[in-house]
Amino acid sequence: MKIVGLSGSRVGSKTRTAMEYTMQTVTKKYPEAETTLIDLAEYDVQFSDGRDYREYEGDTKYIAQLIMEADAVIMGTPIFQASIPATLKNIFDLIPENAFQDKVVSMLVTAGSSKHYLIVEQQLKPILSYMKAQVVQRYVFIEEKDFYHKELTNEEVLFRINRLVEDTGILTETYTKIREAKKVVY
């Protein structure tokens, strides 16, 4: 099972902090899983120009290929100006519209306040649905107040991250079995 964590912003540290905790939890719960955390702040990703993702080079191709080869993607994003950041939208633009077909995608969101809670429902889920993702319905919403000194301190949030990881793993295993059964039938 290949699980990619994607920290979808080039600025700030809260999403990265939450994603690090999330991916550590994945490793503890699913030690056999192959995991990778992509922090977009650490990569030089080109803007999409409509090419096939395999035609890019360097970091852009590397990230797109990791996502395309994953069985599951745990997506972390901050909310800026009531929207997902352009860096994350660019990733969606780089990969094909069916990039998430038969993949499980779960979401973790950081924001300054609860006012942005529905951004996932209004912006992120429709994009993922269009790209044919098997979306984990429950997502983790984390506010500024849940951090202290660059560390997650809210026990409820930590519990929800653990559930998100569990749900992602169970759904990924289930969809893997379904795909394997389909291969046998055909």
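Cut-offs and rules
- Residues numbered from 1 in each chain as written.
- Predicted model: local features only at pLDDT ≥ 70, side-chain atom pairs only at ≥ 80, totals over all residues.
- Heavy atoms only, no water.
- Buried < 20%, exposed > 50% of the residue type's maximum accessible area, 1.4 Å probe, protein only.
- Helix = DSSP H or I, 4+ residues; strand = E, 2+ residues; numbered from the N terminus.
- Pairing = 2+ DSSP bridges.
- Contact = heavy atoms within 4.5 Å.
- Core = buried A, V, L, I, M, F, W, Y, C linked by side-chain atoms within 4.5 Å.
- Phe/Tyr/Trp six-rings, centres within 6.5 Å; stacked < 30°, edge-to-face > 60°.
- Lys NZ or Arg CZ within 6 Å of the ring centre and 35° of its normal.

1. A short note on the pairing of strand E6 (residues 140-143)
Neither face of E6 is open: one carries Val 140 and Ile 142, the other Phe 141 and Glu 143, and all of them are buried. For strand E4 (residues 104-111) and E6, the ladder comprises four bridges, and the chain directions are parallel. When the sheet's bridge partners are listed, Ala 111 is paired in E6 with Glu 143.

2. Concerning the pairing of strand E2 (residues 34-39)
Pairing between strand E1 (residues 2-7) and E2: six bridges, direction parallel. When the sheet's bridge partners are listed, Leu 6 is paired in E2 with Ile 38.

3. Looking at helix H3 (residues 86-94)
Given 3.6 residues per turn, any residue in an α-helix points the same way as the ones three and four places further on. Inspection of H3 places Leu 88, Asn 90, Ile 91, Phe 92 and Leu 94 among the buried residues, and these make up the whole buried set. The inward-facing, buried residues of H3 contact E1, helix H2 (58-69), strand E3 (72-78) and helix H4 (119-130).

4. Concerning the nonpolar core
Counting 37 residues, the largest nonpolar core has Leu 6, Met 75, Phe 92, Phe 100, Leu 124 and Leu 128 as the members making the most contacts within it. For this core, the elements supplying multiple residues, two or more each, are E1, H2, E3, H3, E4 and H4. If we ignore the near neighbours within four places in the chain, the residues touching Leu 124 are Met 75, Thr 77, Ile 84, Leu 88, Phe 92, Met 107 and Ile 119.

5. Brief notes about the packing of aromatic side chains
Considering all chains together, one arrives at four aromatic pairs under this definition. Measuring from ring centre to ring centre gives 6.4 Å for Phe 92 and Phe 100, while their planes differ by 80°; the resulting arrangement is edge-to-face. Judged by its relative accessible area of 5%, Phe 92 is buried. With a centroid separation of 5.5 Å and an interplanar angle of 35°, the aromatic rings of Tyr 117 and Tyr 139 are classed as tilted. Here the residue Tyr 117 occupies a position in the loop between E4 and H4, and Tyr 139 occupies one in the loop between strand E5 (134-135) and E6, the gap between them amounting to 22 residues. Given a relative accessible area of 39%, Tyr 117 falls into the partly exposed group. An aromatic cluster is defined as three or more aromatic residues linked by ring pairs; in this entry it consists of Tyr 117, Tyr 139 and Phe 141. Above the face of the Phe 147 ring, Lys 14 is positioned so that its terminal group lies 5.9 Å from the ring centre. Over the face of the ring belonging to Tyr 56 we find Arg 51, whose NZ or CZ atom lies 4.0 Å from the ring centre.

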